Amino acid sequence: MKHNIFTFICITAFALCSIIFWETGYVWLVLTAIALLYFGVTAYGSYQIQANYFLKSINKGKTKAIALTFDDGPDPETTPAILDTLLEKKVKATFFVIGKKAVNHPELLQRIVDEGHTIGNHSYSHHYLIGFFSKQKLKSDLTQCSDAISDITGKKPLFFRPPFGVTNPRYATVLGTLGMHSIGWSLRSLDTRAKNKYQLINKIISTIKTRDIVLLHDHLRITADSLGDIISHCLEMGIKIETLPRLIGKEPYEQH
Ligand SMILES: [Zn+2]
């Protein structure tokens, strides 16, 4: 892991510089610079899932296609519309569901599976402080989500997407223990910030390339309203839309 190597380098540099600069007036300046660099890189590594800083996430596909992924559902207002569009366009996607929403809408989870889509774990609580959870608390949150999915659909997910794309060393440990894969993305649609449908469609079709894992949200009306056009444009551009398990070559569920 890059984080362990960088921490080792920083501690060594800190110790060496303390000795070398001890008798000069610059010692605090040098040590502060090293400390700032360390915290800066750590913060960047936490928020940039593609950096694979704390753990190795799968951020890209292996085959010449793209995969659509939806986070933060299931939502009774918008997920059905998204499923209707996917059905009409004959496209399969992956839904990283929030456990506490899933237990309130088991029929949506069942529909996602019945229509050939994949379900992944996006934590049970999606708590805004989940990045600060202890190992134990994180493990029980992720397990609670997987159990909820398994109770409803009979499938225990192996794909996990970290809420807010934030990672840390505790995720690496917990995902390792649970045998789960961290799934990132290579194209962030920014549907959470898009002002209108055309901005969202344009953002995706102007930057999309093969092997992309596209991050979308199925609890947003704008995403539900734009999905049909997004898929049509991709197909017109000759871009094949594949399932995430096939795109990355990994099993999505525990095998019995
Ligand atoms: Zn989320």
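**Q** I'd like to hear about the overall build of the protein, residue by residue, with values.
**A** Along the protein, the regular secondary structure elements total 10 helices and 8 strands. Principal axes of the C-alpha set define a box for the protein whose edges measure 75 × 40 × 30 Å. Contacts spanning at least 24 positions in sequence make up 76% of the contacts within the protein whose residues lie at least 6 apart.

**Q** Account for the nonpolar core, naming residues and giving values.
**A** Counting residues in hydrophobic clusters, the biggest one holds 60 residues, and the most contacted among them are Val97, Leu109, Ile149 and Val214. Apart from residues lying up to four places away in sequence, Val214 is in contact with Ile66, Ala67, Leu68, Thr69, Trp185, Leu187, Ser189 and Ile204.

**Q** Requested: an account of the domain arrangement of the protein, with residues and values cited.
**A** Annotation of the protein at the domain level lists domain 1 (2-47) and domain 2 (58-248). The C-alpha centroid of domain 2 is placed 37 Å from the C-alpha centroid of domain 1.

**Q** A description of the pairing of strand β2 (residues 67-71) should follow, citing residues and the corresponding values.
**A** Counting buried positions over the 5 residues of β2 gives 5, a clear majority of the element. Neither face of β2 is open: one carries Ala67, Thr69 and Asp71, the other Leu68 and Phe70, and all of them are buried. Of the strand pairs in this sheet, β2 and strand β8 (residues 213-217) are connected by 5 bridges, and their pairing is parallel. Residue pairing across strands places Phe70 opposite Leu216, the latter belonging to β8. Where β2 lies against strand β3 (residues 94-97), 3 bridges are found, and the strand directions are parallel. Each residue of the ladder has a partner; that of Thr69, found in β3, is Thr94. For the segment spanning β2, helix α3 (residues 79-89) and β3, crossover handedness is right-handed.

**Q** Run through unusual backbone geometry, naming residues and quoting values.
**A** Note that the residue after Gly73, namely Pro74, is joined by a cis bond; omega there is 0°. Along the chain, the position of Pro74 falls in the loop between β2 and α3. Notably, Lys90 is not glycine yet its phi reads approximately 55°, a positive angle. In this structure, Lys90 sits in the loop between α3 and β3.

**Q** Give me the packing of helix α1 (residues 2-21) against helix α2 (residues 27-47): which residues, what numbers.
**A** Relative to each other, α1 and α2 sit at 175°, their axes nearing to 9 Å. Classified by the angle their axes make, α1 and α2 are roughly antiparallel. For the pair α1 and α2, contact is made by His3, Phe6, Cys10, Ala13, Phe14, Cys17, Ser18 and Phe21 and by Val27, Val30, Leu31, Ile34, Tyr38, Val41 and Gly45, respectively.

**Q** So what's going on with α1? Residues and values would help.
**A** Given a rise of 1.5 Å per residue, 20 residues ought to cover 28 Å, and the 27 Å separating the end C-alpha atoms of α1 matches this to within 8%. Taking burial as the measure, the 20 residues of α1 include 1 buried ones, a minor fraction of the element.

**Q** Break down the environment of Ile222 for me, citing the residues and quoting the values.
**A** Along the polypeptide, Ile222 turns up in helix α9 (residues 221-236). Through-space distance from the C-alpha of Ile222 to that of Leu31 is 48 Å; in sequence the pair is 191 residues apart. Leave out the neighbours within four places in its chain, and Ile222 touches Asp191, Ala194, Lys197 and Leu200.

**Q** Describe the environment of Arg221, naming the residues involved and giving the relevant values.
**A** Residue placement: Arg221 occurs in helix α9. What makes Arg221 exposed here is the crowd of 12 C-beta atoms within 10 Å. Separated by 32 residues in the primary sequence, Arg221 and Ser189 have C-alpha atoms spaced 14 Å apart.

**Q** Outline the pairing of β8, supporting the account with residue identities and numerical values.
**A** With 5 of its 5 residues buried, β8 lies for the most part within the structure. Where burial is concerned, the two faces of β8 agree: the one with Ile213, Leu215 and His217 and the one with Val214 and Leu216 are both buried. One ladder, built from 2 bridges, connects strand β7 (residues 187-188) with β8; its direction is parallel. Among the inter-strand pairings, Arg188 is bridged to a residue of β8, identified as Leu215. For the crossover that starts at β7, traverses helix α8 (residues 197-207) and ends in the parallel β8, the hand is right-handed.

**Q** Outline the environment of Arg170, listing residues and values.
**A** Within the secondary structure, Arg170 is located in helix α7 (residues 169-178). With 160 residues separating them in the primary sequence, Arg170 and Cys10 have C-alpha atoms 20 Å apart.

Parameters and conventions
- Residues numbered from 1 in each chain as written.
- Predicted model: local features only at pLDDT ≥ 70, side-chain atom pairs only at ≥ 80, totals over all residues.
- Helix = DSSP H or I, 4+ residues; strand = E, 2+ residues; numbered from the N terminus.
- Contact = placed C-beta atoms within 7 Å.
- Core = buried A, V, L, I, M, F, W, Y, C linked by C-beta atoms within 7 Å.
- Buried ≥ 20, exposed ≤ 12 C-beta atoms within 10 Å, placed from the backbone.
- Domains from an automatic or database assignment.
- Pairing = 2+ DSSP bridges.
- Right-handed = clockwise from strand over helix to strand, strands pointing away.
- Axes fitted to C-alpha atoms, helices over the stretch in contact; angles between N-to-C directions.
- Parallel < 35°, antiparallel > 145°, perpendicular 65-115°, else oblique.
- Expected span 1.5 Å × (residues − 1).

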